[in-house]
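Below, each chain spelled out in residue letters.
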Amino acid sequence: TTRNQTRFEIINDLDHGDTAPGPVSMGKNSSRGKLLFQKRKLEADTLAVSGGGVVPRPKLDSDGRVDPRSVSNLLWASYYQEQKVVPEGEWEAFEEMMRTTLPVSFRLTGCATDGSVIALRNYMVNTHVQHIASADGRKLESIPWYPQKMAWRFDVSRAELRGKGPSERSMEGVDVDTRDPTLVKFHSFLKREGELGSLSRQEEVSMIPPLVLGVEPHHVVLDMCAAPGSKTQQLIEALESSPGKPPTGFVVANDSDVRRCRLLVHQCKRLDSANILVTHHEAQTFPSRLSIREELRFDRVLCDVPCSSDGTMRKSPDLWKRWTERLAYGIHRLQLQIACRGVELLKVGGRLVYSTCSLNPVEDEAVVCALLAKYDGAIRLANAHANVPLLKRSPCLETWRLRENGVWYNSYDELPADVREVGKIRPTMFAPAPELVAGYNLDLCLRVLPHNQNTGGFFVALFEKTMEVEGSHYFDKEAKMVAAPAAELGAEEQVEVGQKRKLDIESKGEPTKAPPRDHVSAVLHGKGEIGGLYDKLFVLKPDLLARLADFYGIDTTRMPLEQLVSRSSISKSIYFVSESILRTLKLDVQTKLSVINTGIRVLEYTGMKNIDCEYRLCQEGLHTLVAQQLVKRQVVHAPVSDLLLLYQKRTQIRAEEFTAETARQLKETRCGCFAMVSEMDEAVEANTEGCATSEGGAASSSVDPGAESAVRRHLLMCAAMWSRKGTVDVLISKAEANSALIWLGNTGYLATKYEDSAGATAATARAATTAKRAES
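What comes next is a walk through the structure. In this text the structure is predicted, and so the values were computed from the model without any measurement.

Rules and cut-offs
- Residues numbered from 1 in each chain as written.
- Predicted model: local features only at pLDDT ≥ 70, side-chain atom pairs only at ≥ 80, totals over all residues.
- Heavy atoms only, no water.
- Helix = DSSP H or I, 4+ residues; strand = E, 2+ residues; numbered from the N terminus.
- Buried < 20%, exposed > 50% of the residue type's maximum accessible area, 1.4 Å probe, protein only.
- Contact = heavy atoms within 4.5 Å.
- Areas by Shrake-Rupley, 256 points an atom, 1.4 Å probe, with all protein chains shown as cover.
- Pairing = 2+ DSSP bridges.
- Axes fitted to C-alpha atoms, helices over the stretch in contact; angles between N-to-C directions.
- Parallel < 35°, antiparallel > 145°, perpendicular 65-115°, else oblique.
- Left-handed = near helix turned anticlockwise from the far one by under 90°.
- Nonpolar A, V, L, I, M, F, W, Y, C, P; charged D, E, K, R; others polar.
- Phe/Tyr/Trp six-rings, centres within 6.5 Å; stacked < 30°, edge-to-face > 60°.
- Lys NZ or Arg CZ within 6 Å of the ring centre and 35° of its normal.

### Re the overall build of the protein chain
Right, so step 1: Helix and strand counts for the protein chain come out as 24 helices and 30 strands.
Right, so step 2: A total of 776 residues make up the protein chain; the buried ones form 52% of that total.
Right, so step 3: Within the protein chain, residue pairs in contact and separated by at least 24 positions form 75% of the contacts whose partners lie at least 6 positions apart.
Right, so step 4: Carbon and sulfur atoms make up 50% of the accessible area of the protein chain, which totals about 36100 Å².

### A few points about the side chain of Ser580
Right, so step 1: Assignment of secondary structure puts Ser580 in helix α19 (residues 579-587).
Right, so step 2: What makes Ser580 buried here is its relative accessible area of 7%.
Right, so step 3: Residues in contact with Ser580, not counting those within four places in the same chain, are Thr248, Gly249 and Phe250.

### Concerning the sheet that holds strand β4 (residues 140-142)
Right, so step 1: Taking strand neighbours across the sheet as the criterion, the 4 strands line up as β4-β5-β3-β8 in an open arrangement whose pairing is antiparallel. Whereas interior strands pair on both sides, the edge strands pair on one side only; in this sheet they are β4 and β8 (199-201). Between one strand axis and the next, the sheet turns through 25 degrees on average, direction left out of account.
Right, so step 2: Sheet topology places strand β3 (residues 104-108) next to strand β5 (residues 151-154); 4 bridges connect them, and they run antiparallel.

### Section: the packing of helix α9 (residues 230-239) against helix α10 (residues 258-269)
Right, so step 1: Running from N to C, α9 and α10 point in directions that differ by 40 degrees, and their axes come no closer than 9 Å. The angle between α9 and α10 places the two elements in the oblique class. Our pair here, α9 against α10, has a crossing hand that is right-handed. Across the interface between the two elements, Ser230, Thr232, Gln233 and Ile236 from α9 touch Leu264, Gln267 and Cys268 from α10.
Right, so step 2: Residues that form the contact of α9 with α10 fall into these classes: 3 nonpolar, 4 polar and no charged.

### Regarding the sheet that holds strand β19 (residues 520-525)
Right, so step 1: If you walk across this open sheet you meet the 6 strands as β19-β20-β21-β22-β24-β25, and the pairing is antiparallel. Whereas interior strands pair on both sides, the edge strands pair on one side only; in this sheet they are β19 and β25 (615-617). This sheet shows a mean twist of 40 degrees between the axes of neighbouring strands, independent of strand direction.
Right, so step 2: Pairing between strand β22 (residues 573-576) and strand β24 (residues 600-605): 4 bridges, direction antiparallel. Residue pairing across strands places Phe576 opposite Ile600, the latter belonging to β24.
Right, so step 3: Here helix α18 (residues 542-552) sits on the sheet in contact with β20 (537-540), β21 (564-566), β22, β24 and β25, set at roughly 50 degrees to β25.

### Details of the packing of aromatic side chains
Right, so step 1: Under the criterion given, the structure shown has 18 aromatic pairs.
Right, so step 2: Their ring planes at 85 degrees and their centres at 4.8 Å tell us that Phe551 and Tyr552 sit as a pair that is edge-to-face. The same class applies to Phe551 and to Tyr552, which are both buried.
Right, so step 3: Aromatic rings pair up to connect Trp76, Tyr79, Tyr80, Trp91, Phe94, Trp320, Trp323 and Trp408 into one cluster.
Right, so step 4: The positively charged end of Arg567 is found above the aromatic ring belonging to Tyr575, 3.8 Å away from the centroid.

So this is what it looks like as C-alpha cells:
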C-alpha cells in the first residue's frame, strides 16, 4: 500500500505540479520521461477508486471483456457487508455468484395460448432442449416462476453461446472451428427468431416488474422509462392476452432519450400491435393534461428508473472497477422525482411498480419510504410477490446507513456542515425512525439477490393509490392558460385551438424530395416539421377512404375509417390506430404529447396501374384487419396445403396449381392484393401447456376423450398479390416464409413438399374430426 501511495503521489505531481517554462526533454532518460513511464505502467497495473484505495486492474477474457473471476472491489464488499444486504451466513455464496457470468435468458413473445407460440415452443423443445440437455450437463429449461413456460434460461454465458474463444489450427495451419455444433445451431435459432420477433432476449429479473404490475386488457398503462423496450413488450402482451377480443386500453411507452426511443419503436414493432404510443419526455415532467379540460391518468404505471445498476455486475463486469457508493447518491433525487410523478399520474385505485437493478438501499428502500412519507395515507404498499409466488427473494432492509469519505452516518443530523453544503446527500436517503418503518410493511417488497436463483440483483415495490394526492391536478408549466370549465371558454380561445389542426404543408417546411401525393386533408396530431423529430399524423381524404372501404369491404361499424391515418403528406403507408389512442390524440389539442411513433402499418401504396386498387395489404397488419374480421373482401379461405404451396413456391403460382375451391375464389377476387387465410384444427393432448410431443417429433395427436380443449384452432394468414395474368405472388420475406414452414412442421404437418401436404392436411383433419366426435 505504501508503494502504491508513493506511485500515486508521483502521478499527482506529474499531472498537477508546476513545470518550468520552455522546452522540456522527453527522452527515455529524462526525469519527466521517467515519470511518464511510471504513470503509464501504474495505470496498466492498477486502478484508483474514488473514496480511497487501489484495486488490481481486472483481466480480460478472449472476447476483450472483463473476466468477472479476476475482479474485486473492497469498497463494494465492505459497503454491502456493513449494510447487511445479504442475510447472515450467505455472503460467500452471494459473492461467489456475483463473480460468475450471467446465464442466457429469453422469452417467447405473444399470447401463451396462441398457436404460433405453442408451435415455436414445441419446435424448440424437440429440436434443441433434448439435445442440449445430453451434452456436458448444460441445461436449457423453463424459468420456474414465469407462468406457462413462456420464459427460458440456458446455463451458458453469452460469449460461450456466440462461440467466442481462442481459435485452434490444424497441422496444415488452417483455422479449425472448435465451437460446439449444438450451441451453433441453437444460437442461429435465437438470432433468427429474435429478428422475426418470435422471442426476445431479456435478463431474467427484468421480466419481474410487468408480472407484478398485473396489466389487464382494459387498462391504460404508462411505462415511464421504457427503453430499450423488453418490459414494454410484456405490458403489450398482457394487454392483448384475450385472443380474438381487442383490448380497450393501450400502453404509453416513454423515454427521455430520443435515440433510445427509436430502439424502443424497433422492439415494439415486432409485436405488430396497434395499442402502443411511444413518446419522448423527461419522466419527471410527463404531461398531466391533454387540453384545458382533459386530464391524463393511468390505471397502471411502471417506474423502472435509472439506477447505479450494481445488480447487473454479472452481465457487465466493467462496473466492478468504477463502483462507489456515490453512484447511488447522485441518482437518488431523480429516482424520487420520477416515482412522485408516477404517483401523481396514477388513477385512484390504480397500481404503480417501482423497480431498480440496484442492490443499494439508498435507491431501493429509501425511495419507497420517502414516497410513503410524502403521500401519507394516499398510497400504500401492496403484495409484490403475489403474482410471482415461485420467485425466491431475500428480506428487505429496515435500517441502513450512509458512508461518506470512509465515515458512516446514521442520520442526516450527524453529517458535517461541509458535507451538507455540497448537497449531494439528502435527508430522504437515510432510514426513517424504526416505528415509522414498522408501519410501512417493507416486507411486501421484493429484493432479489443473485445467489437466490442464479439471476442478477433486483428490487421491486408495488404501490396502490387510495386517494388523490397533491399535484395531480396542476396545469403544466408550458401551458399558457389556466384550467377552466368548458362553458367558460371564450370563442377566441376555441379558434386558437382549432387552428392547430389546419393542414399547412408550406409553412411547416415539407421536404421537397417528393411532391405531395394529395391523399391527406388535415393534421390529426403533431408539431414541428414533417419528417422531423416527432411523429405527425394526418387525416386521410374521404374519397380515398371510400375507395379502400369498397375494395377491401371494411366493416365501418366495427372500425371507423378515421382510424386509418398517414404520417406524412408524401408517405406511401397507411396506419391503423386503435380507438382509444385515437381518442387520446384528439383530446391533445395543445399537442402536449411529443409522439415518436404509434399505429401499425396496414396498407401501402404500390403505384401499380394494372390493378383495381393501388394499395396493398401489409403482412404485419393482417392480425389486426383479417383476424378480427374487419375486412370482408379480398380474403381467400384455403386449406393449409394451398398456403404451404404459397410459402414454398412464392412467385408466379398459377390458379390451377391450387385446390379447386381456392382457384374458384381467386377467379372471383378482384385484381390486386388479397389475404389467404387457413383455419387449421390441431389435435392435442390435454393439460400439456403445448409441450407434449409424439415420438416422431411433431405435436402429438393423441386425444383424451374427456378433455375439453382436445382441439386447438390455428389461423394462418399471408398477404399475396393476384395479377391480371392469373398468377399469384407472395408478399412476405423469405425469412417469414421459412418461419411459417417451421410453424407448420410443429403443429402436425410433417410434409416438406407442397405436393405431399394435401395428405397431411387430410390426416390432421381426420384427427380433429375424431376428437370432436369423442367430445360429443
